[in-house]
Amino acid sequence: MLNVCGEMYYIDLDTVSNVVDMNVSGDTEQTVNLVSFEVVKMMLEILMTEREEVDSSLGIHSTKNLSIPFKLAFNTLLKHQILKHL
């Protein structure tokens, strides 16, 4: 689970497989759309490494402090239903 601004989200791995066009043919051969894979991987890394500024008495200050890469990755993954609200 990923906590973003007090809301819980999770990563749908089945959707990730569909987005990166993972194809299995036979027992040993797999193909992956490398561009899609790398973009999704980079966006997930951005989400998992972002630091929110928290005040123990007030909670999270605001989404204004989140970086542009985080906002772009978060909204893109949400739009493609890779990131889902719990």
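Residues numbered from 1 in each chain as written. Predicted model: local features only at pLDDT ≥ 70, side-chain atom pairs only at ≥ 80, totals over all residues. Heavy atoms only, no water.

S.K.: What exactly am I supposed to notice about the pattern of salt bridges here?
M.R.: Two side chains of opposite charge can pair, provided their charged atoms sit close to one another. A full pass over the atoms with the stated rule returns one salt bridge. With a closest N to O distance of 2.8 Å, Lys84 and Asp12 form a salt bridge. Here Asp12 lies in the loop between β2 (7–11) and α1 (13–19) and Lys84 lies in strand β7 (residues 83–85), a separation of 72 residues in the sequence. According to the relative accessible area criterion, Lys84 is partly exposed, its value standing at 25%. (Salt bridge = Lys/Arg side-chain N within 4 Å of Asp/Glu carboxyl O. Helix = DSSP H or I, 4+ residues; strand = E, 2+ residues; numbered from the N terminus. Buried < 20%, exposed > 50% of the residue type's maximum accessible area, 1.4 Å probe, protein only.)

S.K.: What is the right way to read unusual backbone geometry from this model?
M.R.: What you tend to see is this: most non-glycine residues have negative phi, and most peptide bonds are trans. The residue Gln81 is not glycine, and still its phi comes out positive at about 60 degrees. Position of Gln81 relative to the elements: it lies in the loop between α3 (68–79) and β7.

S.K.: Even after reading the chapter, I still don't get helix α2 (residues 34–49), so can you show me in this structure?
M.R.: Every α-helix carries 3.6 residues per turn, so stepping three or four residues along brings you back to the same face. Under the 1.5 Å per step criterion, the end-to-end length of α2 is 22 Å for 16 residues, consistent within 8% with the ideal 22 Å. Looking at the buried side of α2, the elements it contacts are β1 (2–4), β2, α1, α3 and β7. One side-chain oxygen of the residue at the start of α2 lies 3.2 Å from the amide nitrogen of Val35, identifying that residue as Asn33. (Expected span 1.5 Å × (residues − 1). Contact = heavy atoms within 4.5 Å. Polar contact = N/O pair within 3.5 Å; in protein donor to acceptor, adjacent residues only side chain to side chain.)

S.K.: How should I be thinking about the pairing of β2 in this particular structure?
M.R.: Strand residues, when the strand is regular, have side chains that alternate between the two faces of the sheet. The pairing of β1 with β2 spans three bridges and is antiparallel. Note on β2: the bridge partner recorded for Val4 is Glu7. In textbook terms, the turn of a hairpin is the stretch between consecutive antiparallel strands, and for β1 and β2 this stretch comprises two residues, one of which, Cys5, has a positive phi near 55 degrees. Sheet topology places β2 next to β7; three bridges connect them, and they run antiparallel. Paired with Tyr10 across the bridge in β7 is Lys84. (Pairing = 2+ DSSP bridges.)

S.K.: How should the sheet that holds β7 be read in this particular structure?
M.R.: Across the sheet, which stays open at both edges, the three strands sit in the order β1-β2-β7 with antiparallel pairing between neighbours. At either end of the open sheet lies a strand with only one pairing partner, and these are β1 and β7. For this sheet, the mean angle separating the axes of adjacent strands, direction not counted, is 40 degrees. This element, α3, spans β1, β2 and β7 of the sheet and lies at about 80 degrees to β7. (Axes fitted to C-alpha atoms, helices over the stretch in contact; angles between N-to-C directions.)

S.K.: Teacher, can you tell me more about the packing of aromatic side chains here?
M.R.: Both the distance between ring centres and the angle between the ring planes are used here to describe each pair of aromatic rings. Scanning the entire structure with this criterion turns up two aromatic pairs. Plain terms: the ring middles of Tyr9 and Phe74 are 5.1 Å apart, the flat faces sit at 85 degrees to each other, and that makes the pair edge-to-face. Taken together, the residues Tyr9 in strand β2 and Phe74 in helix α3 connect sequence positions 65 residues apart. Taken individually, Tyr9 and Phe74 each receive the classification buried, so the pair is uniform in this respect. (Phe/Tyr/Trp six-rings, centres within 6.5 Å; stacked < 30°, edge-to-face > 60°.)

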